[in-house]
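As a plain string of letters, each chain reads:
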Amino acid sequence: MPNRLANETSPYLLQHKDNPVDWYPWGEEAFERARREDKPILLSVGYSACHWCHVMAHESFEDESIAALMNRDFVNVKVDREERPDVDGIYMQAVQALTGRGGWPMTVFLTPEGVPFYGGTYFPPEDRHGMPAFPRVLTAVAQAYRDKRSEIETAGRQLLMQLSAPERLRPGNDLLTSEALDRAAEAILQSHDDDFGGFGRAPKFPQAMTLDFLMRWHRRSQDARALQAVHKTLQAMAYGGIYDQVGGGFHRYSTDAVWLVPHFEKMLYDNALLARCYLDAYKLTREPLYRRIAEETLDYVLREMTGPEGGFYSSQDADSEGEEGRFFLWTPAELREVLGDDAEAIAAYFGVSEAGNFEGRNILHVPRPLERLPNGGGASDDAAFEALLQRARARLYEARERRVHPGRDDKVLTAWNGLMLRAFAEAALALQSAAYRDAAVRNADFLLREMRPNGRLLRTWKDGRARLNGYLEDYACLIDGLLAVHAATLNLEYLEAAVRLADEMIDLFWDDGVHGFFDTGRDHEALVTRPRDFFDNATPSGTSVAIDVLLRLAAFTDNPDHERRATACLRTLVPFVEQAPTAFGRLLAALDFHLAPRQELVIVLPAGASAAGAAERAAGRLLDPVRLRYAPNLLLAGTAEGVGGKVSPLFRDRPALDARPTAYLCEGFVCQAPTADPAELGRQLDAAI
């Protein structure tokens, strides 16, 4: 008989609806029962693409005897970390404080008031590899709760004080200077792996925001080391097993130092951030590989991660047919069956062997990208080999499609969609892609329509139902995406929506006490502490994106309040940045924007040209000097003549010359002569950037 999770929309929670565990979703009903029966809460947190979450579910949560222990001694609560980053963040800090490590699945024991007192990550069903058996843990915790209550409550209060430390931030007064950027860049470069790319040792995560900052710093300083680090890392990932060489898109991270063996789940946020990173690298270097990877990644999202309504899905699982990575692995025999006479050459290129490189099968990667076929392989030059490779990849993809696919988490998360919205919008403008532009417009319209059913932005959507109050990151990332889609379409409605959302974001999340943001709104449910996570992790923190978008909106709208709040928050956080710069990639980008000379480019179109969202196409060749220019601090806006003055002073008193699309380029308070000539605009940009 299904448990209470059967009424949820989260695919992860629904995976557990038939467990013999008496699961509750997070909410007052569970805590009220815990108080009434004087039982501790067993909180289990995970997500649908998590391999070890599936393992623990199969080993323990589907086991009748273990479930009986859980049901007897605890009130059991299951949380999807992607839906509830507030709950996940609070109790992950607790587990890290208790054990020195974190991860998912996460298992935390709470008092009926929600105070954590013991926890860990994965627990096996029997003692294994130095880890205690889950039944042993359950029995010991239940006994301690009965017999050592005062000690547990004291320990819980002490831990809660640690969790509340971010609330005791103090406003900063230091002057913001470029020296902070220089020190951060030097520290990041020292942590770069010059042999294999990436930062630090294994496991390695694709730190797109850190790479973004290094590209910005290279532009600022002209230091060749930064660009070399970007090249090394982007090429290593593109040729490694972390990248899906057949279907495009990136897996979550590499378990080794050489980017060969990934954790095979694919997350929307990684692919959003990396698509933008590779696109920017292409603009900066014109390296064709980077454009190919950006396009293949976005095409993968269009093909496999986009819903009919326009929303982008959250993730694809690591497992299929009960095995991690099975969908993505190949044997030489399978290549021969699919490719025939071409199999030997393709196997050599992708490093396929009889021994395999992962549990007897092969993760496709490119160990020697500059070497083509062995002598006598059947192709004598690069062009011929590229054609052979493209045919082979298409045939491998077609064959792979007949396999059992990994599960897909098809909920739509506002923040992650905002990240992907920006990626599609920027690619649409840069590459003049109608498909990418349409995807961005459909997504923006979907989010503005479906995620605000009663005005308040919500977090998650599935099967026609939006729910859960949006967090700071949801507001900030959606604003970020809307600014990008405005630049890609010159449709004023998206800029107007971004301005409205920014006002709501400040009202809900701003804290005057420390000149910063909370992650939860003032209308959010009360938790044991009000979370405030300002580190950029796998996704940028809500604070980093909020600072960035407020700085840009201040330039668009001439709103000094936005600038004041953003710079005050930067001053509060810069001391933390210098301690751990790789944890603040997006914040460093915002600081770079604040300190750099910024250019504002306004495209004014003839009256009526913006109708039906066709404004960017109406601008035509005038935008050509902008499309592939690496100019991360250039602000692009546009509208039809005589429209938009109430939204932005940038649009006032600026006619379209001779009824032609006209460009107005300004830096600070100095503007160039308006021009309708793409070549002249290019010359102006060359001089300014």
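Above this text you will find the structure in question.
Residues numbered from 1 in each chain as written. Predicted model: local features only at pLDDT ≥ 70, side-chain atom pairs only at ≥ 80, totals over all residues. Heavy atoms only, no water.

1. Notes on the overall build of the chain
This is how it is decided: In this description a helix means any DSSP run of H or I spanning at least four residues, a strand means any run of E spanning at least two, and both kinds are numbered starting from the N terminus. Only protein chains enter the accessibility calculation, which uses a 1.4 Å probe; a residue is then buried when its area is under 20% of its type maximum, exposed when over 50%, and partly exposed in between. Pairs of residues are marked as contacts when any of their non-hydrogen atoms sit within 4.5 Å. Here the accessible surface of atoms and residues is derived via Shrake-Rupley with a 1.4 Å probe, and residues count as covered only by protein chains that are part of the display. Only four residue types enter the tally: Lys and Arg on the positive side, Asp and Glu on the negative side; His and the chain ends are excluded. Note that the charge is assigned to NZ on lysines, CZ on arginines, CG on aspartates and CD on glutamates.
A count of helical and extended segments in the chain gives 25 helices and 23 strands. Each principal axis of the C-alpha distribution contributes one length, and for the chain these read about 85 × 70 × 45 Å. Per-residue burial for the chain yields a buried fraction of 61% across its 689 residues. Contacts in the chain between residues far apart in sequence, at least 24 positions, make up 69% of those at least 6 positions apart. When the accessible surface of the chain is split by element, carbon and sulfur atoms take 49% of a total near 26500 Å². Separation between the mean location of the 77 positive side-chain charges and that of the 101 negative ones in the chain comes to 2 Å.

2. Notes on the nonpolar core
In plain terms, the rule: Buried Ala, Val, Leu, Ile, Met, Phe, Trp, Tyr and Cys residues that are joined via side-chain atoms within 4.5 Å together make up what is termed a nonpolar core.
With 199 residues, the main nonpolar core has Tyr278, Leu482, Met505 and Ile603 as its most contacted residues. When residues no more than four places from it in sequence are discounted, the contact partners of leucine 482 are Leu421, Ala444, Leu448, Tyr494, Ala497, Ala498 and Leu501. Core analysis: the next-biggest nonpolar cluster, separate from the first, contains 24 residues, Val87, Ile90, Val95 and Leu159 among them.

3. Structural notes on the state of the cysteines
A disulfide bridge is the covalent bond that connects two cysteines by way of their sulfur atoms. Cut-off, in case you're wondering: Any pair of cysteine sulfurs within 2.5 Å is marked as a disulfide.
Throughout the structure, instances matching the rule amount to 2 disulfides. In this model, cysteine 50 is linked to cysteine 53 through a disulfide, with the two sulfur atoms separated by 2.4 Å. Residues cysteine 50 and cysteine 53 share a disulfide whose torsion about the S-S bond is about 80°; that sign makes it right-handed. We note that cysteine 50, like cysteine 53, is buried. For the chain, the bonded cysteines pair up as 1-2, 3-4 when numbered in the order they occur along the sequence. Cysteine 277 forms no disulfide, and the closest cysteine sulfur to it belongs to cysteine 477, at a distance of 16 Å. Sulfur of cysteine 477: no disulfide; nearest cysteine sulfur belongs to cysteine 569 and is 15 Å away. We classify cysteine 477 as buried; its relative accessible area is 2%.

4. Considering the sheet that holds strand E3 (residues 75-80)
Hydrogen bonds between backbone atoms are what pair the strands of a sheet, whose relative direction is either parallel or antiparallel. As a reminder of what qualifies: Pairing between two strands is assigned when DSSP locates at least 2 bridges connecting them. For every element, the axis is a line fit to its C-alpha atoms; helices are fit only across the contacting stretch, and the angle between N-to-C directions ranges from 0 to 180 degrees.
Here we have 5 strands laid out as an open sheet, ordered E1-E3-E2-E4-E5, and mixed in their pairing. A strand with exactly one partner marks an edge of an open sheet, and here the two such strands are strand E1 (23-25) and strand E5 (116-120). The average undirected angle you get between the axes of adjacent strands in this sheet is 30°. Taken together, the 3 bridges between E1 and E3 define a ladder with parallel strand orientation. Bridge pairing in E3 places proline 25 opposite lysine 78.

5. With respect to the packing of aromatic side chains
The test is simple: By convention, a stacked pair of Phe, Tyr or Trp rings (six-membered ring in the case of Trp) has centres within 6.5 Å and planes under 30 degrees apart, an edge-to-face pair has planes over 60 apart, and any other such pair is tilted. Counted as over-ring charges are cases with an Arg CZ or a Lys NZ within 6 Å of the ring centre that also lie within 35 degrees of the ring normal.
All told, the structure shown has 29 aromatic pairs when counted by the stated rule. On the numbers, 6.1 Å between centres and 25° between planes, the contact of phenylalanine 117 with tyrosine 145 is stacked. Taken together, the residues phenylalanine 117 in strand E5 and tyrosine 145 in helix H6 (residues 134-147) connect sequence positions 28 residues apart. Both residues of the pair, phenylalanine 117 and tyrosine 145, belong to the buried class. Considering the side-chain rings of phenylalanine 312 and phenylalanine 424, the 5.3 Å spacing of their centres and the 20° angle between planes classify their relative orientation as stacked. Note that phenylalanine 312 is positioned in the loop between helix H12 (288-304) and strand E9 (315-316) and phenylalanine 424 in helix H16 (residues 414-431), a separation of 112 residues in sequence. Looking at phenylalanine 312, the relative accessible area reads 0%, which means it is buried. For phenylalanine 424, a relative accessible area of 0% gives the class buried. Through a chain of ring-to-ring contacts, the aromatic side chains of Trp23, Phe61, Phe123 and Phe134 assemble into a single cluster. The aromatic ring of tryptophan 330 is capped on one face by arginine 403, whose charged end is 4.0 Å from the ring centroid.

6. Thoughts on the pairing of strand E16 (residues 458-462)
Counting buried residues along E16, 5 of its 5 residues qualify, which places the element largely inside the surrounding structure. Summarising the sheet, strand E15 (residues 412-413) and E16 pair through 2 bridges and their orientation is antiparallel. Considered in E16, the bridge of valine 412 is made with tryptophan 461. Here 4 bridges tie E16 to strand E17 (residues 465-469), and the two strands are oriented antiparallel to one another. Within the sheet, the bridge partner assigned to threonine 460 lies in E17 and is arginine 467. Once E16 ends, the chain turns through 2 residues before running back antiparallel as E17, passing aspartate 463 with a positive phi of about 55°.

7. Section: unusual backbone geometry
Following tryptophan 104, the chain continues to proline 105 via a peptide bond in cis, the omega torsion being 5°. Following the sequence through the fold, proline 105 ends up in the loop between helix H5 (85-99) and strand E4 (106-110). With omega at -5°, the peptide bond leading from alanine 202 into proline 203 counts as cis. Tracing the backbone through its elements, the reader meets proline 203 in the loop between helix H8 (179-191) and helix H9 (208-221). Its identity is not glycine, yet leucine 468 carries a phi of approximately 70°, on the positive side. Its identity as a non-glycine residue notwithstanding, histidine 515 has a phi of 60°, on the positive side.

8. Here we look at helix H10 (residues 224-239)
Applicable threshold: To estimate how far a helix should extend, the number of its residues minus one is multiplied by 1.5 Å.
Look at H10: 22 Å from first C-alpha to last across 16 residues, which is about the 22 Å you get at 1.5 Å a residue. Turning to H10, its buried residues number three or more, namely Ala226, Leu227, Ala229, Val230, Thr233, Leu234, Ala236, Met237, Ala238 and Tyr239. Each element contacted by the buried residues of H10 is listed here: H8, H9, helix H11 (268-285), H12 and helix H14 (343-349).

9. Quick word on the sheet that holds strand E20 (residues 599-605)
Spatial ordering of the open sheet is given by E21-E20-E22-E23, a layout of 4 strands whose pairing is mixed. Strand pairing shows two members of the sheet lacking a second neighbour, strand E21 (634-640) and strand E23 (670-671), which therefore form its edges. Pairing of E20 with strand E22 (residues 662-667), which is carried by 6 bridges, proceeds in the antiparallel orientation. Residue pairing in the sheet places glutamate 600 in a bridge with cysteine 666 of E22.

10. Some details on the environment of valine 108
By the element assignment, valine 108 lies in strand E4. In this structure valine 108 touches Ile41, Leu42, Leu43, Tyr91, Val95, Pro116, Tyr118 and Gly119, once residues within four positions along its chain are discounted.

11. Here we look at the side chain of serine 433
Rules: Polar contact is defined as a pair of N or O atoms within 3.5 Å, subject to the rule that within protein one atom must be able to donate a hydrogen and the other to accept it, and that residues adjacent in sequence are counted only when both atoms are side-chain atoms.
Within the fold, serine 433 resides in the loop between H16 and helix H17 (434-450). A polar atom in the side chain of serine 433 sits 3.0 Å from the backbone nitrogen of tyrosine 436.

12. A closer look at the pattern of salt bridges
Close approach of charged atoms allows side chains of opposite charge to pair. So the rule is basically this: By definition, a salt bridge exists where a carboxyl oxygen of Asp or Glu is found within 4 Å of a side-chain nitrogen of Lys or Arg.
Throughout the structure, instances matching the rule amount to 66 salt bridges. A salt bridge links lysine 204 to aspartate 193, with the nearest nitrogen and oxygen atoms 2.7 Å apart. With lysine 204 in the loop between H8 and H9 and aspartate 193 in the loop between H8 and H9, the pair connects residues that are 11 residues apart, well separated along the chain. Comparing lysine 204 with aspartate 193, the two get one shared label, buried. When the shortest N-O distance is used, the salt bridge between aspartate 280 and lysine 283 registers 3.9 Å. Here aspartate 280 pairs with lysine 283, and both are found in helix H11, just 3 residues apart, close to one helical turn.

13. Notes on helix H4 (residues 64-73)
The periodicity of an α-helix, 3.6 residues per turn, causes residues three or four places apart in sequence to face the same way. Defined as follows: This arc describes the spread of directions from the helix axis toward the C-beta atoms.
Those residues of H4 lying buried are Ile66, Ala67, Leu69, Met70 and Asp73. The buried residues of H4 occupy an angular sector of 155° when projected down its axis, which confines them to one face. Turned more than 90 degrees off the buried face of H4, the exposed positions are Glu64 and Arg72. Where H4 is buried, its residues touch E1, strand E2 (41-46), helix H3 (51-61), E3 and H6.

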